[in-house]
Amino acid sequence: MATEIFDKINAIIEEIESARPAGLEELETFRIKYLGSKNVLKPLSGEIRNIPNERKKDFGLLINKAKQTAEQKYKALEFDLQTAEESQSAANLDLTAPGEPIELGARHPIALTMNRIINIFERIGFVVAEEREIEDDWHNFTAMNTPEDHPARDMQDTFYLKDSTTMLLRTHTSPVQARVMTRQQPPIRIIAPGRVYRNETISARSHCQFHQVEGLYVDENVSFADMKQTLLYFAREMFGPDVKIRLRPSFFPFTEPSAEMDVYLGTETEKDYRLTKGTGWLEILGCGMVDPQVLENCGIDPEKYTGFAFGMGIERQALRLYDIADIRAFFENDVRFLKQFTSVM
Ligand code: DAH
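Colleague: In this structure, what is going on with the overall build of the protein? I would like to understand it.
Modeller: Counting its regular elements, the protein contains 12 helices and nine strands. Over its C-alpha atoms the protein spans a radius of gyration of 39 Å, topping by over 25% the 20 Å that the globule rule assigns to 345 residues. The C-alpha extent of the protein, read off along each of the three principal axes, is 115 × 50 × 40 Å. Expressed as a percentage of its 345 residues, the buried residues of the protein come to 42%. Sequence-distant contacts, at least 24 apart, represent 68% of the contacts inside the protein between residues at least 6 apart. A total accessible area of about 19,700 Å² is found for the protein, and carbon and sulfur atoms account for 50% of it. Across the protein, 41 positive and 54 negative side-chain charges occur, with their mean positions spaced 4 Å apart.

Structure, rendered in structure tokens:
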């Protein structure tokens, strides 16, 4: 009986040594048979009780040898089969095939235009300030000296958040002025680019979402002449050294005096004729000296400090820069349209 069991185990060891699984699947069958929780050696090891005492040690050693043989064989087979499979798939690789084409991304024309504007102002010491698009009416209107009954506060023009009379999508980038001035004392010299929202009918010329760049400069002795010089510098950098500007008196609740600035593009090209409605002049921004009331609302002493501010729309400048006819193209995300714009900026 005892000899028989020794023979059985030796036979299993031979079986293990000569096993040649053809693939990873057969290797798994091998593993289950010799190393799994119900492997063939298990019932045999239980037989130790029937082995005479003087042979128990040999029996244990033989069982262990069988286990180790199975483990080593399994590891070696696994390694061989895996490398074989890998070299097989490497052999199927066509090293002469052309590579996958790399799709180069493009910047959105609005971002390109905005970056260009930011760049121009950064060169003369303005720093970028970014704030939230969901604003409260204090920053968007009250601080900016827009009274309760001002038409701009009308529900018709402003997107208020659902069930709210105070939270809204900002209607301009001017609340960034209030955000910065309430936390920082002059000198302040910021440029605030971003998206704004108004409840307008969507057409080729206007949209319910668009972009603005706000500028604010507050310090001692800041004058209207400083503003004019800064804006002239901007116009020359943006539209070319020969561009002419004109400031027309205007009204904004947050500036006094207020003006609108036009740049002279001429009517020589068809697009400039169209864009300026035949006058040669394109209105690009609103500006003015910060109303002392606004400074006071934000905790800045209007006796000590003065400032100028301006706000410009991006879309109209982008239309001209890239010769685009319809503002809606900016928001449709048509890849064929977007792919046309490449620039390092
Ligand atoms: N916030 C104004 C608008 O959306 C634009 C503007 C005008 C901004 C004059 C200013 C400013 O900072 O001084 O129409």
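Colleague: Hey, could you run me through the packing of helix 1 (residues 2-18) against helix 4 (residues 53-91) in this one?
Modeller: A packed helix pair is summarised by two numbers, namely the angle formed by the two axes and the spacing between the axes. Their axes nearest at 9 Å, the elements helix 1 and helix 4 cross at an angle of 15°. One way to sum up the angle between helix 1 and helix 4 is to call them roughly parallel. In this structure, helix 1 crosses over helix 4, and the sense of that crossing is left-handed. Here helix 1 contributes Ile-5, Phe-6, Ile-9, Asn-10, Ile-13, Ile-16 and Glu-17 to the contact with helix 4, which in turn contributes Arg-55, Asp-58, Phe-59, Leu-62, Ile-63, Lys-65, Ala-66, Thr-69, Ala-70 and Lys-73. Along the lines of polarity and charge, the residues of the contact of helix 1 with helix 4 split into 10 nonpolar, two polar and five charged.

Colleague: How do you make sense of empty space enclosed by the protein when you look at a structure like this?
Modeller: A probe matching the size of a water molecule, rolled over the atoms, marks out where space remains unfilled. A full pass over the atoms with the stated rule returns one cavity of 30 Å³ or more. Quantified by volume, the largest cavity comes out at close to 40 Å³. In this structure, the largest cavity is lined by Lys-271, Arg-274, Leu-275, Leu-319, Arg-320, Asp-323 and Ile-324. For the lining of the largest cavity, the secondary-structure elements that each account for two or more residues are helix 9 (270-275) and helix 11 (315-321). Its residues assigned to classes, the lining of the largest cavity shows three nonpolar, no polar and four charged.

Colleague: Just checking my understanding: could you explain the side chain of Arg-320 for this structure?
Modeller: Considering the arrangement of structural elements, one finds Arg-320 in helix 11. Take Arg-320: its relative accessible area is 17%, and that puts it in the buried class. At 3.1 Å, the side chain of Arg-320 and the side chain of Asp-272 are in polar contact.

The rules behind the values
Residues numbered from 1 in each chain as written. Predicted model: local features only at pLDDT ≥ 70, side-chain atom pairs only at ≥ 80, totals over all residues. Heavy atoms only, no water. Helix = DSSP H or I, 4+ residues; strand = E, 2+ residues; numbered from the N terminus. Rg over C-alpha atoms; globule rule 2.2 N^0.38 Å. Buried < 20%, exposed > 50% of the residue type's maximum accessible area, 1.4 Å probe, protein only. Contact = heavy atoms within 4.5 Å. Areas by Shrake-Rupley, 256 points an atom, 1.4 Å probe, with all protein chains shown as cover. Lys, Arg positive; Asp, Glu negative; His and termini not counted. Charge placed at Lys NZ, Arg CZ, Asp CG, Glu CD. Axes fitted to C-alpha atoms, helices over the stretch in contact; angles between N-to-C directions. Parallel < 35°, antiparallel > 145°, perpendicular 65-115°, else oblique. Left-handed = near helix turned anticlockwise from the far one by under 90°. Nonpolar A, V, L, I, M, F, W, Y, C, P; charged D, E, K, R; others polar. 1 Å grid on protein atoms, 1.4 Å probe; cavity = no way out; pocket = protein on both sides within 12 Å on 5 of 7 lines; lining within 4 Å. Points joined across faces, edges and corners; volume = space filled by probe spheres on them. Polar contact = N/O pair within 3.5 Å; in protein donor to acceptor, adjacent residues only side chain to side chain.

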